[in-house]
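Below, each chain spelled out in residue letters.
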Amino acid sequence: PGFYVNRCLGPFLVEVSALIRDGVSLEKLDKSVLDFGMPVGPVTLADEVGIDVTSHVATFLSKADLGVCMDGGDITLMEKMIDKGWLGKKSGQGFYTYSSKKKGKTISPEVQ
């Protein structure tokens, strides 16, 4: 089910959510993936795509027949963020806080 990217993105983000739950820093996750050669880190990707969209894809794919690929993560963090209106870059707040006054982003202390 789903497009190729979604089939890869879902399990990837589930694993990222497990790492966040287990205490791996958001900066380290993004930096590790960038150092590996990917164009964007998973935390930045979730913010860019939108926390609501990312959560929807992960929830949908968790119900698909992907076997253990969708086990072990915890997407409730994203659900809590959505409840607060933290939808990522488009709302100015996600895993990162985006300032309209200056270019750039900072890790949201409430998410860490």
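Residues numbered from 1 in each chain as written. Predicted model: local features only at pLDDT ≥ 70, side-chain atom pairs only at ≥ 80, totals over all residues. Heavy atoms only, no water.

**Student:** Explanation requested: helix H3 (residues 42–49) in the structure shown.
**Tutor:** Side chains of residues three or four places apart in an α-helix project in the same direction, reflecting 3.6 residues per turn. Buried residues of H3: Pro42, Val43, Thr44, Ala46 and Asp47, and no others. Phi for Gly50, located one or two positions after H3, is positive at around 115°. (Buried < 20%, exposed > 50% of the residue type's maximum accessible area, 1.4 Å probe, protein only. Helix = DSSP H or I, 4+ residues; strand = E, 2+ residues; numbered from the N terminus.)

**Student:** Is there a simple way to think about the nonpolar core in this case?
**Tutor:** One broad trend across soluble globular proteins is that nonpolar side chains are buried collectively. By size, the foremost hydrophobic cluster in this structure holds 17 residues, and its most contacted members are Ile20, Leu26, Val43, Ile51, Met81, Phe95 and Val111. Among the elements of the structure, helix H1 (4–21), helix H2 (26–36), H3, helix H4 (51–62), helix H5 (76–83) and strand E1 (96–98) are those that each provide at least two residues to this core. (Core = buried A, V, L, I, M, F, W, Y, C linked by side-chain atoms within 4.5 Å.)

**Student:** Before we go on, may I ask you to explain the pattern of salt bridges in this structure?
**Tutor:** A side chain of one charge can pair with a side chain of the opposite charge if their charged atoms are brought near each other. Under the criterion given, the structure shown has 4 salt bridges. One salt bridge in this structure joins Asp35 and Lys31, with 2.6 Å as the shortest N-O distance. With a gap of 4 residues between them, Asp35 and Lys31 both fall in helix H2, about one helical turn apart. The exposure class of Asp35 is exposed, given its relative accessible area of 57%. When the shortest N-O distance is used, the salt bridge between Lys90 and Asp52 registers 3.0 Å. With a gap of 38 residues between them, Lys90 in the loop between H5 and E1 and Asp52 in helix H4 connect regions that are remote in the sequence. When its relative accessible area of 53% is taken as the criterion, Lys90 is described as exposed. (Salt bridge = Lys/Arg side-chain N within 4 Å of Asp/Glu carboxyl O.)

**Student:** Help me out: how do you make sense of the packing of aromatic side chains in this one?
**Tutor:** Geometrically, a pair of aromatic rings is defined through the distance of the ring centres and the angle of the planes. Overall, the coordinates contain 1 aromatic pair when judged by the stated rule. On the numbers, 6.5 Å between centres and 65° between planes, the contact of Tyr96 with Tyr98 is edge-to-face. (Phe/Tyr/Trp six-rings, centres within 6.5 Å; stacked < 30°, edge-to-face > 60°.)

**Student:** What is the right way to look at the packing of H2 against H3 in this model?
**Tutor:** Angle between the axes and distance between the axes are the two parameters that describe a pair of packed helices. Between H2 and H3, whose axes approach to 7 Å, the crossing angle comes to 100°. On the basis of the axis angle, H2 is roughly perpendicular to H3. Between H2 and H3, the contacting residues are Leu26, Leu29, Asp30 and Val33 on the first element and Pro42, Val43 and Thr44 on the second. Of the residues contributing to the contact of H2 with H3, the split by class is 5 nonpolar, 1 polar and 1 charged. (Axes fitted to C-alpha atoms, helices over the stretch in contact; angles between N-to-C directions. Parallel < 35°, antiparallel > 145°, perpendicular 65-115°, else oblique. Contact = heavy atoms within 4.5 Å. Nonpolar A, V, L, I, M, F, W, Y, C, P; charged D, E, K, R; others polar.)

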